[in-house]
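Okay, here's what each chain looks like letter by letter:
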Amino acid sequence: MVHTLFAGETISYDGSQLSSLWAFKRFRLQGDSIVAFRGPCEVKGDSLVDMADRLQGSFIYSPDMLHFIAEHFENDLGRAVLRQRFFAALVKEILEEELTEHLNRQGDDLFAKERKLSVSIATVTPVSTMFHFGINIRTEGVPVAAVGLLELGWPESKLPELALRMLAAYSREMEGVDLARCKVRGVP
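All values reported here derive from a predicted model rather than from experimental measurement.

A.B. asks: Could you clarify how one ought to interpret the sheet that holds strand 2 (residues 33-43) in this entry?
C.D. replies: Adjacent strands of a sheet pair through backbone hydrogen bonds, lying either parallel or antiparallel. Taken in spatial order, the five strands line up as 1-2-3-8-7 in an open sheet, and their pairing is mixed. In this open sheet, the two edge strands, each paired with only one partner strand, are strand 1 (3-10) and strand 7 (118-124). Put simply, the sheet's adjacent strands are angled 25° from each other on average, direction ignored. Lying on the sheet, helix 3 (residues 77-98) is in contact with strand 2, strand 3 (60-72), strand 7 and strand 8 (129-138); it crosses strand 8 at an angle near 25°.

A.B. asks: Can you walk me through the pattern of salt bridges in this structure?
C.D. replies: Two side chains of opposite charge can pair, provided their charged atoms sit close to one another. Following the criterion strictly, the structure yields 15 salt bridges and no others. The salt bridge involving Glu 96 is made with Lys 92; its shortest N-O contact spans 3.0 Å. Within this pair, Glu 96 and its partner Lys 92 are both found in helix 3, separated by four residues, close to a single helical turn. Residue classification places Glu 96 among the partly exposed positions, given a relative accessible area of 27%. A salt bridge links Lys 116 to Asp 109; its shortest N-O distance comes to 3.6 Å.

A.B. asks: Looking at this structure, I do not really get the nonpolar core. What am I missing?
C.D. replies: The nonpolar side chains of a soluble globular protein tend to be buried, and buried together. In this structure, Phe 68 and Leu 95 are the most contacted members of the largest nonpolar core, which totals 35 residues. Broken down by secondary-structure element, the contributors of at least two residues to this core are strand 2, strand 3, helix 3, strand 5 (109-112), strand 8 and helix 4 (159-181). Per-element tally for this core: the top contributor is helix 4, with eight residues. Contacts of Phe 68, omitting those with residues within four sequence positions, involve Ile 34, Val 35, Ala 36, Phe 87, Phe 131, His 132, Phe 133, Ile 135, Ala 163, Met 166 and Leu 167. In terms of nonpolar packing, the next biggest core, distinct from the first, is built from 18 residues, Ala 7, Val 35, Phe 37 and Cys 41 among them.

A.B. asks: What am I meant to see in the environment of Ala 112 here?
C.D. replies: Mapped onto the secondary structure, Ala 112 falls in strand 5. In the structure, Ala 112 is positioned 35 residues away from Val 147 in sequence and 7.1 Å away in space, judged by C-alpha atoms. Every residue in contact with Ala 112, bar those within four places of it in the chain, is listed here: Glu 101, His 102, Leu 103, Val 147 and Leu 152.

A.B. asks: Even after reading the chapter, I still don't get the side chain of Asp 108, so can you show me in this structure?
C.D. replies: Within the element layout of this structure, Asp 108 appears in the loop between strand 4 (104-106) and strand 5. It turns out Asp 108 is buried and unbridged, and the closest side chain with the opposite charge, Arg 85, is 4.9 Å from it. Here the side chain of Asp 108 touches Gln 84 through a polar contact of 2.9 Å, side chain to side chain.

A.B. asks: Explain unusual backbone geometry to me, please; I cannot follow it from the model alone.
C.D. replies: Negative phi characterises most residues that are not glycine, and trans characterises most peptide bonds. In this structure, Leu 21 takes a positive phi of about 65° despite not being glycine. Positive phi outside glycine occurs at Arg 28, with the angle close to 65°. With respect to the helices and strands, the residue Arg 28 is situated in the loop between helix 1 (22-27) and strand 2.

A.B. asks: I would appreciate a short explanation of the sheet that holds strand 6 (residues 115-116) in the present structure.
C.D. replies: Strand order in this open sheet of three strands is 4-5-6, and the pairing throughout is antiparallel. The sheet is open, and its two borders are formed by strand 4 and strand 6, each paired with just one other strand. Bridging between strand 5 and strand 6 involves two bridges; their strand directions are antiparallel. Across the sheet, the residue bridging to Phe 111 is Lys 116, located in strand 6. Most of the contacts of helix 3 go to strand 4, to which it runs at about 175°, and overall it touches strand 4 and strand 5.

Calculation rules
- Residues numbered from 1 in each chain as written.
- Predicted model: local features only at pLDDT ≥ 70, side-chain atom pairs only at ≥ 80, totals over all residues.
- Heavy atoms only, no water.
- Pairing = 2+ DSSP bridges.
- Helix = DSSP H or I, 4+ residues; strand = E, 2+ residues; numbered from the N terminus.
- Axes fitted to C-alpha atoms, helices over the stretch in contact; angles between N-to-C directions.
- Contact = heavy atoms within 4.5 Å.
- Salt bridge = Lys/Arg side-chain N within 4 Å of Asp/Glu carboxyl O.
- Buried < 20%, exposed > 50% of the residue type's maximum accessible area, 1.4 Å probe, protein only.
- Core = buried A, V, L, I, M, F, W, Y, C linked by side-chain atoms within 4.5 Å.
- Lys, Arg positive; Asp, Glu negative; His and termini not counted.
- Polar contact = N/O pair within 3.5 Å; in protein donor to acceptor, adjacent residues only side chain to side chain.

This is the structure we're talking about:
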């Protein structure tokens, strides 16, 4: 079971949220979880988990994003990256049900006509794996060619509904994976 929560409060994402037991400490969600919230994003320097970005002196910035932080209590980074990419595909699928714009997924990122819609990273902690997935809502000051949900025509009033749909879809899929692995017999 993956616990879900849409936090009604604005939270500034700075990378510190990618730390073990963040959802438990902040929201009392114990166990596997995914939390969504809205807020700005600014990650730079030592807070960058992506060493390639860090070595290049890159930084991540958006004035307004819809953020998702998932934590699973295992230490398999490969599985975390697969979950992260699966979440990107799930987000693409949900958005394309409502938007007229076709989105392109490249690994764990989403694009609309070569403009970046999302940022994402997966990592491992001493007790878990985690991923962050952020979707631009607005893009003023973003350091790369970017697009936001509002520019793509997503109504601002429907952002909480979108977050709840994504949370429910992810939880449902993870539960389905657990059930699928528990219904097959081993073969010699």
